[in-house]
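Chain by chain, the residues run as shown.
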Amino acid sequence: MRIFALIFAILFSCNTFSQDAVPLSNALQAPVSDQLKAELIGSPVFIQIFKSERTLELYAKVGNQFRLLNRFNICKFSGGLGPKRVQGDFKSPEGFYTIGASQLHPDSHYYRAINLGFPNQYDKANGYNGNYLMIHGDCVSIGCYAMTNSGIDQIFKYVTAAFNNGQAQIEVNIYPFRMTDDNMRRYAGSQYINFWKQLKPGYDYFEKYKQPPMIAVMNNQYIVNGQSNGTTAPRGNPFQTTTPSASKTFLAFTQTK
């Protein structure tokens, strides 16, 4: 009887999570309080995505650091781990992306959508191609990151408010998994490991400083804060300076996916 009672308790506790809730590991940062969440609407924001964990993390700036607002379950992504390379491979992107206000689509066919801007500078340098890669609602995906409608509503609210309040661009860092040393060893035999080594310094930097890393592309590789795979990049490293334009007053964009 005790065993049956224990199983019932576990099943019941699992069902108490909302569809968007992500169970919190002791090693992960806890979200800010609900009161502070309300006060942070309009603050600069930052987004991280972890494919393997099916998690999108939304952050807002508090003082000189970015604090976690919420974690959202990703309903679906496609193509498994690894970067998107060609149109039709059904892969969801990995890497460092930047969005501007013109990339928001509140009237998307998939409820609401945020265009990731694939291919970015790195993707183009490596000959990758594709388009209309999004974070969107409706819980269906081929190459995109599909959220629940309630999840994308919350994300859209903070992203829109940040643009309205003057943030010119929002960084979206997309990783195959949480890039801990243990996970890097676990996936050391992957065909994508050299690409993932380019991403890890960005993950490590945010973990340490709670600030988005500075990203550039040189010699067809990502350069994170002036370093490539832990070594200093060549002098004169051209950090990305071109940013999508954004007005302080958000326009009701009607473009659809």
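Fair warning: this is a prediction, and the values are worked out from it, not measured in the lab.

Parameters and conventions
- Sequence order as written defines residue numbering, which begins from 1 separately in each chain.
- Per-residue local features are limited, in this predicted model, to residues with pLDDT of at least 70; the limit for side-chain atom pairs, both in listing and counting, is 80 or more; totals at the level of whole chains, interfaces and linings are taken over all residues.
- The side-chain figures draw on all heavy atoms in the structure; neither hydrogens nor water molecules are used.
- UniProt positions are given in the numbering used here, feature names are shortened, and annotations may be inferred rather than shown by experiment.
- The numbering of helices and of strands both runs from the N terminus, where a helix is a DSSP run of H or I of at least 4 residues and a strand a run of E of at least 2.
- Here's how the labels work: a residue is buried when its accessible area is under 20% of the maximum for its type, exposed when over 50%, partly exposed in between, all with a 1.4 Å probe on protein chains only.
- Values of pLDDT, ranging from 0 to 100, describe the predictor's confidence in every residue of the model.
- Residue contacts are defined here by distance: any two heavy atoms, one from each residue, within 4.5 Å place the two residues in contact.
- Any two cysteine sulfur atoms within 2.5 Å of one another count as a disulfide.
- To pair, rings of Phe, Tyr and Trp, with the six-membered ring standing in for Trp, must have centres within 6.5 Å; the planes then decide the type, stacked if under 30 degrees apart, edge-to-face if over 60, and tilted in the middle.
- Here a polar contact means two N or O atoms within 3.5 Å. Within protein one must be a hydrogen donor candidate and the other an acceptor candidate, and residues neighboring in sequence count only if both atoms are side-chain atoms.

Colleague: Help me understand the UniProt feature "active site" (unreviewed entry) in the protein chain, please; the structure alone is not making it clear to me.
Modeller: Mapped onto this structure's residue numbering, the UniProt feature "active site" (unreviewed entry) falls at His136 and Cys144. Mapped onto the elements, His136 comes out in strand E7 (residues 134–136). For His136, a relative accessible area of 1% corresponds to the buried category. Its location among the elements puts Cys144 in the loop between E7 and strand E8 (145–146).

Colleague: Sorry, what's going on with the confidence of the model for the protein chain here?
Modeller: Low pLDDT means the predicted atomic positions in that stretch should not be read closely. Here the protein chain shows a mean pLDDT of 83. Residues at 70 or above account for 78%. Considering only residues more than four positions removed or in separate chains, one finds that residues 1–19, a stretch of pLDDT under 50, has three contacts. Between residues 230–257, whose pLDDT stays under 50, and residues either more than four places distant or in other chains, the model counts 66 contacts.

Colleague: What exactly am I supposed to notice about the state of the cysteines here?
Modeller: When the sulfur atoms of two cysteines share a covalent bond, that bond is a disulfide. Applying the stated rule across the entire model yields one disulfide. Disulfide pairing is shown between Cys75 and Cys139; the S-S distance is 1.9 Å. Residue Cys75 is found in the loop between strand E3 (65–73) and strand E4 (95–99), and its partner Cys139 is found in the loop between E7 and E8; the two are separated by 64 residues along the sequence. Judged by its relative accessible area of 22%, Cys139 falls in the partly exposed class.

Colleague: I keep staring at the packing of aromatic side chains and nothing clicks. Help me out?
Modeller: For any two aromatic rings, the description comes down to two numbers: the centre-to-centre distance and the angle of the planes. Counting across every chain of the model gives 20 aromatic pairs. Judged by centre distance (5.7 Å) and plane angle (40°), the rings of Tyr122 and Phe195 are tilted. One end of the pair, Tyr122, is in helix H3 (residues 121–125); the other, Phe195, is in helix H6 (residues 193–209), with 73 residues separating them in the sequence. Taken individually, Tyr122 and Phe195 each receive the classification buried, so the pair is uniform in this respect. On the basis of an interplanar angle of 80° and a centroid distance of 5.1 Å, the ring pair of Phe177 and Trp196 is categorised as edge-to-face. Of this pair, Phe177 sits in the loop between strand E9 (170–175) and helix H5 (181–186) while Trp196 sits in helix H6, and the two are 19 residues apart along the sequence.

Colleague: So what exactly am I meant to see when it comes to the environment of Tyr59 here?
Modeller: Along the chain, the position of Tyr59 falls in strand E2 (residues 55–62). For the pair Tyr59 and Tyr158, spaced 99 residues apart in the sequence, the C-alpha separation amounts to 9.3 Å. With residues near it in sequence (within four places) discarded, Tyr59 still touches Gln29, Pro44, Val45, Phe46, Gln48, Phe66, Arg67, Leu68, Leu69 and Phe206. A polar side-chain atom of Tyr59 sits 2.5 Å from a polar atom in the side chain of Glu57.

Colleague: Explain unusual backbone geometry to me, please; I cannot follow it from the model alone.
Modeller: Trans peptide bonds make up the majority, and among non-glycine residues the majority have a negative phi. The step from Phe118 to Pro119 runs through a cis peptide bond, and the omega angle for that step is 0°. Within the element layout of this structure, Pro119 appears in the loop between strand E6 (111–115) and H3. Phi is positive for Tyr132, close to 55°, though the residue is something other than glycine. Among the structural elements, Tyr132 can be located in the loop between H3 and E7.

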